[in-house]
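Summary of the model geometry
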Amino acid sequence: MKKMKYVLVTGGVVSGLGKGVTASSIGVVLKACGLRVTSIKIDPYLNTDAGTMSPLEHGEVFVLDDGGEVDLDLGNYERFMDIKLTRDNNITTGKIYQSVIDKERRGDYLGKTVQVVPHITDAIQDWIERVAQVPVDGKSGPADVCVIELGGTIGDIESMPFIEALSQFSCRVGSGNFCLIHVSLVPVLNVVGEQKTKPTQHSVRGLRGLGLTPDILACRSTSVLDETVKEKLSQFCHVPEENIVTLYDVPNIWHIPLLLRDQKAHESILKKLNLLSVAQEPNLDEWTSRAEICDMLSDDPVRIALVGKYTGLPDAYLSIVKALLHAAIARHKKLIVDWVPATELEDITAKENPDAYRAAWNTLKGADGILVPGGFGDRGVQGKILAAKYARENRIPYLGICLGMQIAVIEIARSVLGLRDANSTEFDLDTKNPCCIFMPEGSTTHMGGTMRLGSRRTYFQVRDCTSAKLYGNRSFIDERHRHRYEVNPDMVARLEHAGLSFTGKDETGRRMEIVELLNHPYFIGAQFHPEYKSRPGKPSALFLGLIAAACGELESLLQGCRSKENGTVSMKQHVYQNGYDSKLAAISSECSKIYSSSNSNRYCNGNGVLL
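None of the values given here were measured: they were computed from a predicted structure.

How each quantity is defined
Residues numbered from 1 in each chain as written. Predicted model: local features only at pLDDT ≥ 70, side-chain atom pairs only at ≥ 80, totals over all residues. Heavy atoms only, no water. Helix = DSSP H or I, 4+ residues; strand = E, 2+ residues; numbered from the N terminus. Rg over C-alpha atoms; globule rule 2.2 N^0.38 Å. Buried < 20%, exposed > 50% of the residue type's maximum accessible area, 1.4 Å probe, protein only. Contact = heavy atoms within 4.5 Å. Areas by Shrake-Rupley, 256 points an atom, 1.4 Å probe, with all protein chains shown as cover. Lys, Arg positive; Asp, Glu negative; His and termini not counted. Charge placed at Lys NZ, Arg CZ, Asp CG, Glu CD. Polar contact = N/O pair within 3.5 Å; in protein donor to acceptor, adjacent residues only side chain to side chain. Phe/Tyr/Trp six-rings, centres within 6.5 Å; stacked < 30°, edge-to-face > 60°. Lys NZ or Arg CZ within 6 Å of the ring centre and 35° of its normal. Pairing = 2+ DSSP bridges. Axes fitted to C-alpha atoms, helices over the stretch in contact; angles between N-to-C directions. Patch = residues over 30% accessible without salt bridge, like charges linked within 9 Å, V, L, I, M, F, W, Y side chains within 5 Å. Salt bridge = Lys/Arg side-chain N within 4 Å of Asp/Glu carboxyl O. Domains from an automatic or database assignment. Buried area = accessible area lost by both parts, 1.4 Å probe.

What the chain contains, in helices and strands, is 22 helices and 23 strands. Relative to the 2.2 N^0.38 estimate, which gives 25 Å for 611 residues, the radius of gyration of the chain is 25 Å and therefore close to what a compact globule would have. In terms of overall dimensions, the chain has a C-alpha envelope of 75 × 70 × 50 Å along the principal axes. Residues counted as buried form 59% of the 611 residues belonging to the chain. Relative to all contacts within the chain whose residues are 6 or more apart in sequence, the contacts with residues 24 or more apart total 73%. Carbon together with sulfur atoms contributes 49% to the accessible area of the chain, which is approximately 24500 Å² in total. Averaging the coordinates of the 69 positive side-chain charges in the chain and doing the same for the 73 negative ones gives two points 2 Å apart.

This is the structure we're talking about:
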């Protein structure tokens, strides 16, 4: 068995520096060098997984093919590196302690006192080694490099067992197989306008005191580090100057792999891992073009109103926004997401806060398309129903995901069938017209991992429908699910009489997966979450349809669709199909200018790395 190489990404000073994007970007650059890459995220919280955590506190819950509910950073890994991870690629304190306690209960430790060292630390190391060997790119055999991200900030008390385990692990695998990249903050104080190195110095000192020495420093700052600042960091942090890179503010996160490449970060990593002889120069031409296209789209915006419950924290809908962005770039449109709190569309808000009510409705009415995402609980449901009704009556392109599909069904039952008390049993157990019901295999006593989760198959019932065409006229698709309630099959016939067409169902024919409204420009609901499988170069079919419909280009998109494995045509094909040959050539020419050394600061705009 070949020796696995490991890249560990840690963070210091403050949280939210972008360790996940950095780890993902490292994976992109290494893949561009011809290496196979896998990834592991370590979350030091006690939860077994992210499934029961509030989106307002932790951001979205990302769902994997195997049904694992994991941290949103694994979504970044999958999107950037185009891989399929498993639930075991997300390690939490809860998982580790549970596995150790299970062993203790079985008597595996032969009566020994079970302690953090060595039992917890050994379990962490064994887990990493085991999972790193599992291929995630569809090929056989293990990857060449495993990128590990340690969540939290150095010095956090809950991270200590992982820090100790990783310190031991660096010795266990050998120095030539382990590279530590520390992401830290180099702030600029407005008072003096000087880049300050002291926070990074303290962070590295703390890291070294815990037994880990960084090989590379990735410094987050608003602009490129001054040479004197690099010299100072090198001197006090014991890191060679050539191993200090700046992750300065850029227009969009797709520039981060390019920053790493331009500053030769890949060479530092390959040298530390003894991979220089087997790796090639990174080929990021397609990635560069995509980043540049995103920057240059300013004249032709498309506005999508996202009507949700957690609009106060955009990370709660991170995959939704990314899927919209992928689709918008493929259609050569600048994406503008208008956040509409669902509660502010409701009549009660009109009485209590009329200004917020008017603002919410004005935003909704000014949108080219409306998207209602998934969610749980009854707060804001009436507002979502009103948004679906507005889209239906005014022929505005609409996409409802999970709960967004269910509320569209409820709205039509109420407005078209005249069933005024139509509802989901999630919100009204006593409704006489339950449009959506609790799944029979669900648990009413336990929350974590008890939903319908992971990749499930949907069979198209109608071939001549928008959704089937968007997916390339395939007979079935596999998409990821996360829900406890579903459309009541006993009401399907009445709903179809009202004009709904359930174009996608599961293998039993009893579970409704896709619904479309006939005689509407674009009104589609999906019980699954198509956003989880969207990729920068492979946008999700239903999101692509929404963007195209919002721009009045749905017919041209459907005509251009070809039968592909992923159900869409590539971004590059969309560009050419829409007559952008000359513009793409101009962009490619501009790319070569922008990424010359004389123009390396062009993308410093102070907006941060996150879109």
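Next comes the rest of the write-up.
Moving on: the side chain of Asp 249. Structurally, Asp 249 can be placed in the loop between strand 11 (244-248) and helix 9 (256-262). Within the structure, the side chain of Asp 249 is placed 3.3 Å from the side chain of Arg 220, a separation counted as a polar contact.

All right, on to the packing of aromatic side chains then. Within this structure, the stated rule accounts for 11 aromatic pairs. Measuring from ring centre to ring centre gives 4.6 Å for Tyr 398 and Phe 523, while their planes differ by 20°; the resulting arrangement is stacked. Placement of the pair is Tyr 398 in strand 15 (residues 398-401) and Phe 523 in strand 23 (residues 523-526), with a sequence separation of 125 residues. Taken together, the ring pairs connect Tyr 310, Tyr 317 and Trp 339 into an aromatic cluster. When the ring centre of Trp 127 is taken as origin, the NZ or CZ atom of Arg 130, which lies over that ring, is 5.0 Å away. Looking at Arg 290, its charged tip hangs above the ring of Trp 254, at a distance of 6.0 Å from the centre.

A few words now on the sheet that holds strand 14 (residues 369-372). Pairing is mixed across the open sheet formed by nine strands, whose spatial order is 13-12-14-15-23-22-21-18-19. The sheet is open, and its two borders are formed by strand 13 (334-341) and strand 19 (476-483), each paired with just one other strand. For this sheet the average axis-to-axis angle between neighbouring strands, irrespective of direction, equals 25°. With four bridges joining them, strand 21 (residues 500-505) and strand 22 (residues 512-517) adopt antiparallel strand pairing. In the sheet register, Gly 504 faces strand 22, and the bridge partner there is Ile 514. Lying over the sheet, helix 15 (residues 381-393) contacts strand 12 (301-308), strand 14, strand 15, strand 22 and strand 23, oriented at roughly 150° with respect to strand 14.

For the rest of this paragraph, the subject is the environment of Gln 461. In this structure, Gln 461 sits in the loop between strand 18 (452-460) and helix 17 (466-470). Judged by relative accessible area, Gln 461 falls into the partly exposed class, the value being 42%. C-alpha of Gln 461 to C-alpha of Gly 537: the two residues are 76 residues apart in sequence and 28 Å apart in space. With sequence-adjacent residues up to four places away left out, Gln 461 is seen in contact with Phe 502, Thr 503, Gly 504 and Lys 505. Polar contacts involving the side chain of Gln 461 include one to the main-chain carbonyl oxygen of Tyr 459, which spans 2.9 Å.

Right, let's get into unusual backbone geometry. The residue after Val 117, namely Pro 118, is reached through a cis peptide bond having omega 15°. Mapped onto the fold, Pro 118 is located in helix 5 (residues 116-132). Positive phi is not limited to glycine here, since Asn 274 has a value of about 55°. Inspection of the secondary structure puts Asn 274 in the loop between helix 10 (265-272) and helix 11 (285-296). Despite not being glycine, Asn 473 has its phi angle at roughly 60°, a positive value. Among the secondary structure elements, Asn 473 is positioned in the loop between helix 17 and strand 19.

A surface patch of nonpolar side chains, about 320 Å² in accessible area, is lined by Tyr 97, Ile 101, Val 116 and Val 117. Contributing elements (two or more residues each) for the nonpolar patch: helix 4 (93-106) and helix 5. Note on placement: Ile 101 falls in helix 4. The partly exposed category is assigned to Ile 101, whose relative accessible area is 46%.

On to the domain arrangement of the chain. As assigned here, the chain comprises domain 1 (5-293) and domain 2 (297-562). Look at where the C-alpha atoms of domain 1 and domain 2 centre, and you get two points 35 Å apart. In this assembly, 24 residues from domain 1 lie in contact with 30 residues from domain 2. When domain 1 packs against domain 2, the two sides together hide about 2500 Å² of surface, and 59% of this comes from carbon and sulfur. When contributions to the side of domain 1 that touches domain 2 are tallied by element, the ones reaching two or more residues are helix 2 (55-58), strand 3 (62-63), helix 3 (72-81) and helix 11. At four residues, the largest contribution of residues to the side of domain 1 that touches domain 2 is made by helix 3.

Let's shift gears to a negative patch on the surface. A cluster of acidic residues, Asp 226, Glu 227, Glu 231, Glu 241 and Glu 242, forms a negative patch on the protein surface. Inspection of the secondary structure puts Glu 227 in helix 8 (residues 227-237). You can call Glu 227 partly exposed: its relative accessible area is 49%.

Here we take up the sheet that holds strand 17 (residues 434-438). Pairing is mixed across the open sheet formed by three strands, whose spatial order is 16-17-20. Each edge of the sheet is formed by a strand with only one pairing partner; in this case those strands are strand 16 (423-424) and strand 20 (485-487). Here two bridges tie strand 16 to strand 17, and the two strands are oriented parallel to one another. The partner of Asn 423 across the bridge, within strand 17, is Pro 434.

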